There are 2 protein chains.
Amino acid sequence: MSSLVRNASLLLAAAALPLGAARADEGMWTFDAFPAAKMKSEYGWAPDQAWLDRARMAAVRLTGGCSASFVSASGLILTNQHCVAECLSDLSTPGNDLLAKGFVAAVRAEEKQCPGQQAEIVTSIKDASAQVKSAIGTASGEAAVKARTAAIATIEKAACPDTATTRCQVVTLYGGGQYKLYTYRKYSDVRIVWAPEDAASKFGGDPDNYNFPRYALDGSFLRAYENGRPVATPQHLKWTGREPVEGEPVFVVGNPGSTQRMLTMSQFAYQREVNLPVTQATQSELRGRLIEAIGDDPERKREGTDTLYGIENNLKRTIGRVRALNDPAFYAGLAAREADLKAKVAGNPAIGNPWAEVDKAMTALRAIDAERRFSQPDGELVGYALTLVRAAQERAKPDADRLPGYSDSALPLLQKQMLDLKPISGWLEELTMRWSLSKAREYLGADHSQTKLLLGRESPEDLAKRLVSGTKLADPAIRKALWDGGQAAVAASTDPMIVYARAIEANDRRLQKIYDEQVEGPLSAARSKLADARFAAYGDSVYPDATFSLRITYGKVGGWMENGTKVAHRTTWSGAFDRATGAEPFALASAILASKSKLNLNGAMDMAYATDTIGGNSGSPVIDRNLNVIGANFDRNIHGLRNDYAYDMTMARSIGVTTAALEQALRTVYPAPALLRELYAK
Amino acid sequence: MSSLVRNASLLLAAAALPLGAARADEGMWTFDAFPAAKMKSEYGWAPDQAWLDRARMAAVRLTGGCSASFVSASGLILTNQHCVAECLSDLSTPGNDLLAKGFVAAVRAEEKQCPGQQAEIVTSIKDASAQVKSAIGTASGEAAVKARTAAIATIEKAACPDTATTRCQVVTLYGGGQYKLYTYRKYSDVRIVWAPEDAASKFGGDPDNYNFPRYALDGSFLRAYENGRPVATPQHLKWTGREPVEGEPVFVVGNPGSTQRMLTMSQFAYQREVNLPVTQATQSELRGRLIEAIGDDPERKREGTDTLYGIENNLKRTIGRVRALNDPAFYAGLAAREADLKAKVAGNPAIGNPWAEVDKAMTALRAIDAERRFSQPDGELVGYALTLVRAAQERAKPDADRLPGYSDSALPLLQKQMLDLKPISGWLEELTMRWSLSKAREYLGADHSQTKLLLGRESPEDLAKRLVSGTKLADPAIRKALWDGGQAAVAASTDPMIVYARAIEANDRRLQKIYDEQVEGPLSAARSKLADARFAAYGDSVYPDATFSLRITYGKVGGWMENGTKVAHRTTWSGAFDRATGAEPFALASAILASKSKLNLNGAMDMAYATDTIGGNSGSPVIDRNLNVIGANFDRNIHGLRNDYAYDMTMARSIGVTTAALEQALRTVYPAPALLRELYAK
């Protein structure tokens, strides 16, 4: 509901197209299509089905947008600290800033539930292509989108009658070339166990983000609970505190969020010319606003730091994408990729000219782009209000008629996210609302009908203040009453945020309808043909774009050559002490400073490895061939910022915190003897 | 010295190339090359030399970056309110915010001097091309730049022995195709006479900026003084409060700042791919920081509003340029323009291939772009310090050996700008410094040697705080002592800002040397050949890019067709009342609200006319054929944002406040009877 999530979903909608022939070690593979033969020919070894099943069953998707893995038999989950930062922020209180202090549960009773968090494990993958495609049939435009949505809702509902412990999700692959039914075992009670403070886990801050050498202790532990007790997870990965070895093969298993490798050139042009420049300008302004609003205020720092971190992280990625698409050689490479595919399927009547259909859809998208982007203000509270208004309307309809996200299969997670207790910061809500409203006016113009709908005769500042100070939606009990009360309760509400959401919601539906008819419908049909074209041209060496669904990628531990100098494959604790200046964000955590004499300073901190990853892979286990976990993936190097569009294994590297570093931290810096015993329990 | 000025000078350095054949009414013409025959053939009339001389002598350049005109015999100057906003801000005191209240001097004794402001009138224009070009001779690279700089300093010094009342400036036209010696009568005591408050002059604020219909009362009056008395200006324009007439020809006389119409495609590519995206991101962040730092604090509003306005104005222009260059059709038009010129001079051995030389220079520029952009922090105080350090070094050298800007002919204005009393806001200085330092680290990387030079082991926040709180340079007496004391005083200073400036200054020189050798030197030679190419291809229909030197442009009063609807040529007071919502920036000034019953509501407020203008033309008189001033130019419409690259008279319009509106304001809203008598004095 925040701007970040909304932008992410826009990207997901725009992404998901098939890819050309994968080069060595390239590819975010689904578990039912791992290229074992290819890997075996390159490495002399490849995992068998038992290995893959074990890795899949140990892999955890965190619904907050991260990946993770089970690392003990009692539901213990390894992920990144930055993946639990929102939880730490939510659990903080005035004077008790867990991002600044870190968190260690000495005993299980001290483990605390993370609001909105859910852990999910893939238990089966089944093809559902025929069912979805036959439901779409010859429909086009909005009708095709509706038919697809209805078919997916029906399949998901039928496959998961038990919504308390399972979740079913039809995953769209190759932009509609394939539909796969993923069934998940889900755990909706996830608790924080252990996490270092920001000064350790985000050492180097934004300046070091997407860079390597790196010295961030970006690891943490969660635990899955059910019925108040830790979950039994015998399928866990084996823990090892050993050092990574240069050249050894590793696997990263997780949920890459979105890539755009197989967009057509008119889609890249839309991103370069329209979408990314606006994102860059507006998010940069938001960043600046938030930095100054936080200032030196410790309470605002506690409440706003995680949000700022998210904005800066996304912005750096956006800037990297702008640079990639503005690099003439890189852009020419994308054009050459498209030209190769066109040449290979030229004259194939089954393919036709899907590129022209995409061009037309992009023209339509450009025409409604600003309206779509600025159709509603950003903020948690206004997000709650809009979801309550929409959910009430949608839930009154038959399952198959609802908008995506409101089907019976999707409602349990939505309800949890809506009703979990989460602290709301009024100043942050106001800031986000007034910023987004002023950007709507700027990009639409003061005289646009949508600007008038959003603002009336109020200023962005006054409107945001009136709505945020007047609403009671920060109280989960109020939200629950409106959720349970449905349409009647929503219609009767005089809460100013609900009143506002009722007023602007129809315009959003209107825009979605235009989008489905003119953009998503035609794009969906074109993508399906483009998928056919790729399979025809490149066979099964084609992997799908990332969709925040489970994937496996492999490569070797190692650095790269940067301007003639070799970057080593790992960093050490010693390097962290060398890099520390004492000034934020290069001030080492006091716990680390105090532990210096007890640490093995030559032990590994972070490592680099040549695997094909992207955002969403944060927290993914880095696994060796023996199913030992040797690290938790948390970033890419600067060259990896181009992974959105293409993977260059000569330069792009994934970055992970080593289990060796986490083990020293558990032993010495933030002692957690019980946790260590659990990790090594037989 | 602020970021805005630095960016403007970068643009100026990059601009100034010759143009293809001007279409009807296109062109920012110099006064010694007005296309009278062309205008006569289109309009049946054109100004004669006497008319042009009178207009030139009435035209005022304000060194703050604006244009203006004499409108009485006693040195009264008409310009925009936004051109005196910095003066109003500088003259404000706690509890007395002149931007919020406006300013009316009831008698001359109440007129107050504007810090740093100087008025300049062109008294002669002479060709200096032969002298400069022969000095350059066959030199190349840095040597050519030095030879040019020395020749210009020598010419300027010889032509203006009296630096108290005259200023000489060699203006580079066609990027080096021509050099012209402009002699100015200068008045360095300029006082504020009358100005409405922001609520009137900036009604509509940033949302309405670069838009029309518009309702801004963006006018003001200054007065030039000498020896404590108003200057006699018998050559003034005649004032009239009459309404503008649709279709009547008008002239805009002023100093357009910079256009980039005749860059080569590799220069446009550099702007689109490298320069503008970084400007957009970094200035957007600065905007956001400043908005939140000001917040609701009335004192910060008083101190920071004018700075914010400048940032937002430049940012909107940057965003417009990004859009223009990212518009495939527009970009193709630029390419076609270049292709036409290349075809017309193909095979001409005197031209050769200057495009290839520019390409090479752009490759060199891309390599040092981030270092150049982030070579020093932004801020008034650090700007003072760097100028003091550099001026001390340069003034110890012979005139011809100095850097541009430090020649004897340039020193008087620099000294005035350095030593005039100007209020400094510590919070704003700190904000600007910490922002620019953090951007330097972001774009160069934490490990870059220049980042280490700029930051040492401090954070941007700590360093900015230490330097701003420790320096005494806000005191003009301290600056004067360092200026007068020269190298010895600067070397002995323990002022932390001076110490800092001493430490970083050499790196700036190093970068300038590389730039001159690899970029400016080769570009200068290439531009001269490109100018020759254009004259060979298009004859004297070629006008030079804007360089903040005096120009004249003409066209007709009138609106345009927007999506099939005609936009009228003028707005009215009545329209302003209709547009007002009561919420900023659409809250009408209370003085206007109180005057409603006494105003002629159907009288003109602002007007649109098809003349070729750009930033720097703010405050320019809009003159009818009888040398009456009927308005003060203050903006362009949204289509005019493309004027940087090309002028499209079907859509682009200039925007001015009418003298009719100002006269109603003087009569009714902010009564100034003495001023009205002066305007109408025979």
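The paragraphs below set out a description of the structure included in this document. Computed from a predicted model, the values in this text were never measured in an experiment.

### Remarks on the packing of helix 12 (residues 328-345) of chain A against helix 20 (residues 496-538) of chain A
Residue and element names in this part refer to chain A.
Okay, so step 1: Here helix 12 crosses helix 20 at 80°, and the two axes come no closer than 9 Å. By the criterion of interaxial angle, the relationship of helix 12 to helix 20 is roughly perpendicular. Here Arg337, Asp340, Leu341, Lys344 and Val345 of helix 12 come into contact with helix 20, specifically with Ala533, Arg534, Ala537 and Tyr538.
Okay, so step 2: Of the residues in the contact of helix 12 with helix 20, the class split is 5 nonpolar, no polar and 4 charged.

### Considerations on the environment of Ala594 of chain A
Okay, so step 1: Structurally, Ala594 of chain A can be placed in helix 22 (residues 590-594).
Okay, so step 2: The class of Ala594 of chain A is exposed, set by a relative accessible area of 58%.

### Things to note about the interface of chain A and chain B
Frequently, the measure chosen for interface size is the accessible area that the parts lose on association.
Okay, so step 1: Listed per partner, the contact involves 41 residues of chain A and 41 residues of chain B.
Okay, so step 2: Taken together, the two surfaces of chain A and chain B that pack against each other cover about 3300 Å², and 46% of this comes from carbon and sulfur.
Okay, so step 3: On the chain A side of the contact with chain B, Glu292, Asn326 and Arg457 of chain A bury the most area, a combined 17% of that side's loss.
Okay, so step 4: Arg287 of chain B is the partner of Glu442 of chain A in a salt bridge, and the nearest nitrogen-oxygen pair spans 3.0 Å.
Okay, so step 5: When residues of the side of chain A that touches chain B are assigned to their parent elements, the largest contribution, 13 residues, is made by helix 10 (residues 265-294) of chain A.
Okay, so step 6: Partitioned by chemical class, the residues of the side of chain A that touches chain B number 15 nonpolar, 6 polar and 20 charged.

### Brief notes about the side chain of Gln117 of chain B
Okay, so step 1: Topologically, Gln117 of chain B is positioned in the loop between strand 5 (112-113) and strand 6 (119-127).
Okay, so step 2: Separated by 3.2 Å, the side chain of Gln117 of chain B and the backbone nitrogen of Thr63 of chain B make a polar contact.

### Here's the deal with the pattern of salt bridges
Okay, so step 1: A complete count under the given rule lists 113 salt bridges over all chains for this structure.
Okay, so step 2: The salt bridge partner of Lys422 of chain A is Glu86 of chain A, with a shortest N-O separation of 2.6 Å. Of the two residues, Lys422 of chain A is situated in the loop between helix 15 (411-419) and helix 16 (426-444) and Glu86 of chain A in helix 4 (residues 85-91); the sequence distance between them amounts to 336 residues.
Okay, so step 3: For Arg108 of chain A, the salt bridge is made with Glu678 of chain A, and the minimal N-O distance between the two is 3.3 Å. Of the two residues, Arg108 of chain A is situated in the loop between strand 4 (103-104) and strand 5 (112-113) and Glu678 of chain A in helix 24 (residues 673-679); the sequence distance between them amounts to 570 residues.
Okay, so step 4: Taking relative accessible area as the criterion, Glu678 of chain A reaches 13% and is therefore assigned buried.
Okay, so step 5: Bridged by salt links that share partners, the residues Asp206, Arg287, Glu292 and Glu312 of chain A together with Glu285, Arg289, Glu430, Arg434, Lys439 and Glu442 of chain B form one connected network.

### Points about a negative patch on the surface
Okay, so step 1: A surface patch of negative charge is lined by Asp296 and Asp297 of chain A together with Glu461 and Asp462 of chain B.
Okay, so step 2: If you trace the backbone, Asp462 of chain B turns up in helix 18 (residues 460-470).
Okay, so step 3: In this structure Asp462 of chain B comes out as partly exposed when scored by relative accessible area, which is 41%.

### Describing the side chain of Glu338 of chain B
Okay, so step 1: Tracing the sequence through the fold places Glu338 of chain B in helix 12 (residues 328-345).
Okay, so step 2: Once residues within four sequence positions are removed from consideration, Glu338 of chain B is found in contact with Leu263, Thr264, Met265 and Trp355 of chain B.

### Remarks on helix 6 (residues 129-136) of chain A
Residues and elements named next belong to chain A.
Okay, so step 1: Of all the positions in helix 6, only Ser129, Val132 and Ile136 are classed as buried. Looking straight down helix 6, one finds that the buried residues subtend no more than 80° of arc, so they occupy a single side. Exposed positions of helix 6 whose direction lies more than 90 degrees from the buried face are Ala130 and Ser134.
Okay, so step 2: If you follow the buried residues of helix 6, they end up packed against strand 6 (119-127), helix 7 (141-159) and strand 8 (178-187).

The rules behind each value
Residues numbered from 1 in each chain as written. Chains lettered and ligands numbered in written order. Predicted model: local features only at pLDDT ≥ 70, side-chain atom pairs only at ≥ 80, totals over all residues. Heavy atoms only, no water. Axes fitted to C-alpha atoms, helices over the stretch in contact; angles between N-to-C directions. Helix = DSSP H or I, 4+ residues; strand = E, 2+ residues; numbered from the N terminus. Parallel < 35°, antiparallel > 145°, perpendicular 65-115°, else oblique. Contact = heavy atoms within 4.5 Å. Nonpolar A, V, L, I, M, F, W, Y, C, P; charged D, E, K, R; others polar. Buried < 20%, exposed > 50% of the residue type's maximum accessible area, 1.4 Å probe, protein only. Buried area = accessible area lost by both parts, 1.4 Å probe. Salt bridge = Lys/Arg side-chain N within 4 Å of Asp/Glu carboxyl O. Polar contact = N/O pair within 3.5 Å; in protein donor to acceptor, adjacent residues only side chain to side chain. Patch = residues over 30% accessible without salt bridge, like charges linked within 9 Å, V, L, I, M, F, W, Y side chains within 5 Å. Areas by Shrake-Rupley, 256 points an atom, 1.4 Å probe, with all protein chains shown as cover. Lys, Arg positive; Asp, Glu negative; His and termini not counted. Charge placed at Lys NZ, Arg CZ, Asp CG, Glu CD. Arc of directions from axis to C-beta.

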